[in-house]
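Results of the structural survey
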Amino acid sequence: MGRRWDAVPLPSAPVTVSVVLRLADAALDAGRLAGEAELVATGERTTVRDADELIRFVTRVAREEAGGSPDVSSGTEREGSG
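In what follows, the accompanying structure is described. This is a predicted model, so every value here is computed, not measured.

Bringing the sheet that holds strand β1 (residues 19-23) into the picture now. Sheet strands pair via backbone hydrogen bonds, and the direction of the pair is either parallel or antiparallel. The three strands lie next to each other as β1-β2-β3, forming an open sheet whose pairing is antiparallel. Each edge of the sheet is formed by a strand with only one pairing partner; in this case those strands are β1 and β3 (45-48). Sheet twist, expressed as the average angle between the axes of neighbouring strands with direction ignored, equals 20°.

Okay, here's the thing in structure tokens:
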């Protein structure tokens, strides 16, 4: 069964996070969401193999923007930053 969106813990204050999602054609043809997500503000990029990985990336970034602790188990790469 799919993930419940309301079950994803987010910061209590509103946080705006802009992400560019580059989807892989082969994954789309197979009915999957996969590709690369890039945080617009920093250029940080990560490969996502499914919707859950995209949700983890966006949730971690939102927590960091809100001043909370990042989820170290997210497995994201920090390409393009710095």
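So, next bit.
This brings us to the pattern of salt bridges. Taken as a whole and judged by the stated rule, the model has five salt bridges. Across the salt bridge formed by R22 and E36, the nearest N and O atoms sit 3.2 Å from each other. With R22 in strand β1 and E36 in strand β2 (residues 35-39), this residue pair connects regions lying 14 residues apart in the sequence. Taking the relative accessible area as the measure of exposure, R22 reaches 39% and is therefore partly exposed. The partner of R60 in a salt bridge is E64, with the nearest N and O atoms 2.6 Å apart. Within this pair, R60 and its partner E64 are both found in helix α2 (residues 51-65), separated by four residues, close to a single helical turn. The exposure class of E64 is partly exposed, given its relative accessible area of 27%. The network of salt bridges with common partners includes R22, E36 and E38.

About the cut-offs
Residues numbered from 1 in each chain as written. Predicted model: local features only at pLDDT ≥ 70, side-chain atom pairs only at ≥ 80, totals over all residues. Heavy atoms only, no water. Pairing = 2+ DSSP bridges. Helix = DSSP H or I, 4+ residues; strand = E, 2+ residues; numbered from the N terminus. Axes fitted to C-alpha atoms, helices over the stretch in contact; angles between N-to-C directions. Salt bridge = Lys/Arg side-chain N within 4 Å of Asp/Glu carboxyl O. Buried < 20%, exposed > 50% of the residue type's maximum accessible area, 1.4 Å probe, protein only.

Read these as geometric descriptors, not functional statements.
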